[in-house]
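# Per-entry structural report
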Amino acid sequence: MAPLAEALAAAAALVARVAGGRSLTAELAGATDGSATASRAALADLCFGTLRRYGRSQAIVAALSRRAATTDALVEALLWCALFALESGRYADYTVVDQAARACIAMGRAGAKGYVNALLRAYLRSRTALAARLAADPVAHYQHPGWWIERVRAAYPGDWEQILAAGNLHPPMCLRVNLRRATAADYAARLAAAGIATRQVGPAALLLDKPMPVEGLPGFAAGLVSVQDAGAQRAPGLLELRNGQRVLDACAAPGGKAAHILESADVALTALEVDADRSADVARNLARLGLAARLQTADCAELAAWWDGVPFERVIADVPCSASGIARRHPDIKWLRRASDLGAFAARQARILDALWRTLAPGGKLLYVTCSVFPEENDAVIDAFAGRTPGARRAGLPGGAAAQLLPGPDHDGFFFALLEKPA
């Protein structure tokens, strides 16, 4: 089978499972295990691109299909993938139509060849006429669920369209230079000598002009550099770390912030992660960088399971959240989340804050972090916590930094709040 037909068939199977409620990350990991690099890249490109345009593709199929709403889910997913391939401009139109028809055979849906061929050709004939119809449909135009659009518009009346547009883009690739080993300027020069263009966007942050495999980064295996979003790299600076402090990273996986803390100061770090596999990821990342921490697999809110009673001077709680600020990295999130999830996340976040506050030393600081743009998980959680917790004070962020970092060309979306305990 031709490579594109093979990739379309495989992508359709994955996208259909995601539409049924499965995680793209998990499905893609299983599907590409042992695959050649080129086939993995093609499959990932189709899946990510299709899900970023999911709302638009659904609207196109609904507008052009004459079949009943009970159309085969696998065939529907193939159409979404083929529409992305057509709109990507990476393939000739006739190639996509031909390869999508061939993919029907590979998927055991030979009887759908005529339908797939006809719908794709109808799209090519009518895409100009469809433009106005799609522009009038918010889900198709903004490529986010309706409830998501409304919440972002209400929270950010001046920025909502930019936030939604950022959620559909290919994410930037940013590096964090290990400042124990090199300066950002020195490493940028090393990259430039290798023909890799970058731009410095933070004390240790270098934004690549073009994403690339980490294996091609000089010194990556030796721990000279890591991949971490520029927005996420704000955290250690906001903690105001000093040598000798006892520090807790309460939700540590995959280990980026834990490693950055250890690269920034000589502290005694405890790193917690509730999931054993993800805890192993933290261990591997620290080992590559030559860093050491006390690693424990435990629920940070269950203090009896892990805390020895000795307080921490600094705590970072990068809590579970909707991940709405990093949706472009996980485009399935937009379609798997439900509005009701925000309340469930807020309740979990409150439980974590209440528990971790007990571990914070008098005079200590707790940094609350989410990768969310929804106020229900951010200011609302912090305001409620401060209201029910005697002595808790929300402090201004160092340097007057904004609490809410909206997703943009250089970074993802994050929220930061610093809480202080009275001495």
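Structural notes, computed from the coordinates. (Residues numbered from 1 in each chain as written. Predicted model: local features only at pLDDT ≥ 70, side-chain atom pairs only at ≥ 80, totals over all residues. Heavy atoms only, no water.)

### Quick look at the packing of helix α1 (residues 3-19) against helix α5 (residues 73-88)
Inclusion rule: Angles shown run from 0 to 180 degrees and are taken between the N-to-C directions of axes, each axis being a line fitted to C-alpha atoms and, for helices, limited to the stretch in contact. Numbered from the N terminus, helices here are DSSP runs of H or I no shorter than four residues, and strands are runs of E no shorter than two. Each helix crossing is assigned a hand: it is left-handed if the near helix lies turned anticlockwise from the far helix by less than a right angle, otherwise right-handed if that turn is clockwise. In what follows, residue pairs with any heavy atoms lying within 4.5 Å of each other are defined as contacts. Residue classes follow a fixed rule: Ala, Val, Leu, Ile, Met, Phe, Trp, Tyr, Cys and Pro count as nonpolar, while Asp, Glu, Lys and Arg count as charged, and any other residue, Gly among them, counts as polar.
Two numbers describe how α1 lies on α5: the axes approach to 8 Å, and their chain directions differ by 115 degrees. With respect to the hand of their crossing, α1 and α5 are arranged in right-handed fashion. Every residue of α5 that contacts α1 at L8, A11, A12, A13, V15, A16 and A19 is listed here: A73, L74, A77, L78, W80, C81 and A82. Taken together, the residues of the contact of α1 with α5 break down into 14 nonpolar, no polar and no charged.

### Concerning the pairing of strand β8 (residues 312-318)
Selection rule: A 1.4 Å probe rolled over the protein chains alone gives each residue an accessible area, and that area as a share of the maximum for its type sets the label: buried under 20%, exposed over 50%, partly exposed in between. Paired strands are those between which DSSP finds at least two bridges.
Counting buried positions along β8 yields 6 of 7 residues, so the element is predominantly enclosed. Sheet topology note: the strand β5 (residues 246-249)/β8 ladder contains 3 bridges and is parallel. Residue L248 lies in a different strand from β8, and its bridge partner there is V315. Note: β8 against strand β9 (residues 360-370), 6 bridges, orientation parallel. Residue pairing across strands places R314 opposite K365, the latter belonging to β9.

### A word on the packing of aromatic side chains
Rule in force here: A pair of aromatic rings is counted whenever rings of Phe, Tyr or Trp (Trp by its six-membered ring) have centres within 6.5 Å, and the orientation is called stacked for planes under 30 degrees apart, edge-to-face for over 60 and tilted otherwise. Sitting over a ring, as applied to charges here, requires NZ of Lys or CZ of Arg to be within 6 Å of the ring centre and within 35 degrees of the ring normal.
Tallied over the full model, the rule gives 10 aromatic pairs. Between W357 and F385, the aromatic rings sit 5.4 Å apart at their centres with planes inclined by 75 degrees, giving edge-to-face as the arrangement. Linking W357 in helix α16 (residues 341-359) with F385 in helix α17 (residues 379-388), this pair joins segments that are 28 residues apart in sequence. Residue W357 is classed as buried on the basis of its relative accessible area, which comes to 9%. Taken together, the aromatic side chains of Y54, W80 and W335 make up a single cluster linked through ring pairs. The ring of W160 carries the charged tip of R153 above its face, separated from the ring centre by 4.7 Å. Seen from the ring of F312, R246 lies directly overhead, with NZ or CZ sitting 4.3 Å from the centre.

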